[in-house]
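Topology and contacts: notes
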Amino acid sequence: MWTSASRKLLAFVAGLSLMEGVWAVPIEPRENQKKCRKTTVVVLGGGMAGITAAQALANQSITDFLIVEYNGEIGGRMKHTNFGKKKDGSPFVVELGANWVQGLGTKGGPENPIWTMAKKYKVANEYSNYSSILTLIDDYETAYAEVEQYAGVILKENLQDTSMRAGLALKDFKPQKNMAAQARGFNALAKGMASTFLKPNDSRLLLNSIVTDIAYDKDSVTISLNDGSCISAAYAICTFSLGVLQNDEVSFTPKLPDWKQTAIAEFQMGTYTKVFLQFNETFWDLDTQFFLYASPTTRGYYPVWQSLSTAGFLPGSNIIFATVVERESYRIEAQDDEVTKAEALAVLREMFPDKHIPEPIDFFYPRWTKVPWAHGSYSNWPVGTTLEGHQNLRSNVGRLYFAGEHCSAEYFGFLQGAYFEGQEAGMRIAGMLGKKCKNMEGGCGEYKRYEALHGTTRFAEFSPLNGWDVSSFYVAGK
Ligand SMILES: Cc1cc2nc3c(=O)[nH]c(=O)nc-3n(C[C@H](O)[C@H](O)[C@H](O)COP(=O)(O)OP(=O)(O)OC[C@H]3O[C@@H](n4cnc5c(N)ncnc54)[C@H](O)[C@@H]3O)c2cc1C
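Fair warning: this is a prediction, and the values are worked out from it, not measured in the lab. (Residues numbered from 1 in each chain as written. Predicted model: local features only at pLDDT ≥ 70, side-chain atom pairs only at ≥ 80, totals over all residues.)

**As for the overall build of the protein chain**
Looking only at helices and strands, the protein chain features 12 helices and 20 strands. Burial analysis of the protein chain (478 residues in total) assigns 37% to the buried set. Taking the contacts inside the protein chain whose residues are at least 6 apart along the sequence as the reference set, 71% of them involve residues at least 24 apart. (Helix = DSSP H or I, 4+ residues; strand = E, 2+ residues; numbered from the N terminus. Buried ≥ 20, exposed ≤ 12 C-beta atoms within 10 Å, placed from the backbone. Contact = placed C-beta atoms within 7 Å.)

Right under this line is the structure:
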């Protein structure tokens, strides 16, 4: 089996033999080389993008595919865990990753497909009630509207790009939150979708299977797994997160071309952490969903708290969670649970000075940047990144295609971004395999890519060819 380690060893030994002129390169006898399992399309990753990619193939009667997934279930960053205790001793279930449908759709326009599926697969959901932070949201919307106008001017006049944070700061708005509806059991969406084309215990879904190397050329793809087995396919769709690609969790043979490596290195992976606490009572107001805390000294220090004890969520659970992002996320990820727990409790005691706040009976937070199958929460568009640069993140390299939320120019970071990009990669490959290509606007077959990048994005480049659809349904904050 050609693991990346054995390839490296062989290359090293071969290099030595050239230098010394004495060592023979050991060639594995053909009969010892393992036969790879064969399939037409191998989908790498069983998150939202992987499932929509496989669904798009199945919809075009391409049933000879395999889905390879690191974890013991599908859903990817739609991830939950048991937490705390109910009265009967059984645990509650909390979502560690995605659990909000961000942007349901605009009136009269297309609906967010994630919202459509949440309804279809009856994923319990609840609208967020912002009354506790409404003033803030009003301020945000006013500032956002003005920044959005300016973004149009930047685009039309090809001015230098600026960040949304900088734009909002200029409008005197500093916080950054944008939420829509709250739901739980989110990976039920992926499972519901998968049930439309996979049978129970379908042998085409390989769970607990870790990809270590992806070898590609213009005719085929060979995937090496950590158990020593391999899969050879006509096409592959890699839906691993940007964090996985940036952290070299998987090797590529040959190395990805420079234009692809640059795109991977330049786009950003952000982090977002939910810190869960369960108490033996709900000492906060039961009717309030959100509480804000503004640290007098540290920006982003446990700023948003959400009650899960409130009706519509996990009533009676006595669970509250804090959300921290970016710099603060990295900081708490690096420290012990006990230190973070003490900080969070001190904040709560400041927020509710008249209450006696005991030690929590349970405490947990995930460390997303350290998860080897994610390395972060979701991608962010760095200032100055052009649509051409981003398009290279989407583009295929030979028979190796890419999808995932980071590949979406319009909805990067969101589930709907993963949904659309998985679907598009699946449809393009269906087209390559001689099936009907339904991806009319974005084009069929190989993705457009740019070997040389321009400094800015020209107006004409905002087109489906670069992953930018003419009509978008998403309206921030709605
Ligand atoms: C804390 C948090 C909160 C979020 N909140 C929201 C939200 O409210 N709303 C929203 O729309 N989005 C939210 N997101 C983002 C959303 O979860 C992602 O955009 C979406 O799930 C990405 O789907 P994907 O298929 O692109 O990638 P993933 O879900 O990462 O799927 C990729 C799959 O590849 C697998 N994989 C990785 N490496 C390997 C390997 N070596 N071998 C085999 N398999 C591998 C992974 O296990 C994973 O299942 C949140 C994310 C986080 C982390």
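**Points about the site of the ligand**
The environment of the ligand is formed by 38 residues, the closest being Gly45, Gly47, Gly76, Trp100 and Gly404. Listed by contribution, the elements that provide at least two residues to the shell around the ligand are helix 2 (48–59) and helix 12 (415–432). The element best represented in the shell around the ligand is helix 2, accounting for three residues. Among the residues forming the shell around the ligand, the class breakdown is 20 nonpolar, 14 polar and four charged. (Near = placed C-beta within 6 Å. Nonpolar A, V, L, I, M, F, W, Y, C, P; charged D, E, K, R; others polar.)

**Details of the sheet that holds strand 14 (residues 272–278)**
Backbone-to-backbone hydrogen bonds pair the strands of a sheet. The strands run either parallel or antiparallel. Strand order across the open sheet formed by five strands is 15-16-17-14-18, with antiparallel pairing between neighbours. Two strands in the sheet have a free side with no partner beyond their single neighbour: strand 15 (290–292) and strand 18 (362–364). Taking each pair of neighbouring strands and ignoring which way they run, the sheet shows an average axis angle of 20 degrees. Relative to strand 18, strand 14 runs antiparallel, the two sharing three bridges. When the sheet's bridge partners are listed, Leu277 is paired in strand 18 with Phe363. Against the sheet, helix 9 (residues 326–333) contacts strand 14 and strand 17 (319–325), and its axis sits at roughly 115 degrees relative to strand 17. Along the sheet face, helix 10 (residues 337–351) touches strand 14, strand 15, strand 17 and strand 18 and points at about 75 degrees away from the line of strand 14. (Pairing = 2+ DSSP bridges. Axes fitted to C-alpha atoms, helices over the stretch in contact; angles between N-to-C directions.)

**Quick word on the pairing of strand 16 (residues 304–307)**
Where strand 15 meets strand 16, three bridges bridge the pair, whose relative direction is antiparallel. Of the residues in strand 16, the one forming a bridge with Leu292 is Val304. Where strand 16 and strand 17 come together, four bridges link them in antiparallel fashion. Bridging across to strand 17, Ser307 finds its partner in Ile320.

**Comments concerning helix 9**
Along an α-helix, residues three or four positions apart point the same way, because every turn accommodates 3.6 residues. Among the residues of helix 9, those classed as buried are Glu328, Ser329 and Ile332. Projected onto a plane normal to the axis of helix 9, the buried residues spread over an arc of 105 degrees and lie on a single side. In this fold, the buried residues of helix 9 make contact with strand 14, strand 17 and helix 10. (Arc of directions from axis to C-beta.)

**A word on the packing of helix 8 (residues 258–266) against helix 11 (residues 387–394)**
Packing of helix 8 against helix 11 leaves a shortest axis separation of 8 Å and a crossing angle of 105 degrees. Considered as vectors, helix 8 and helix 11 are oriented roughly perpendicular to each other. Across the interface between the two elements, Trp259, Lys260, Ala263, Ile264 and Glu266 from helix 8 touch Gly389, Asn392 and Leu393 from helix 11. Residues that form the contact of helix 8 with helix 11 fall into these classes: four nonpolar, two polar and two charged. (Parallel < 35°, antiparallel > 145°, perpendicular 65-115°, else oblique.)

**Notes on the confidence of the model for the protein chain**
Averaged over the protein chain, the pLDDT score is 83; the fraction of residues at 70 or greater is 76%. In the model, residues 1–32 has pLDDT below 50 throughout and makes 24 contacts with residues more than four positions away in sequence or in other chains. Counting interchain partners and residues more than four positions distant, the pLDDT-below-50 stretch residues 173–183 has 38 contacts. (pLDDT = per-residue confidence, 0-100.)

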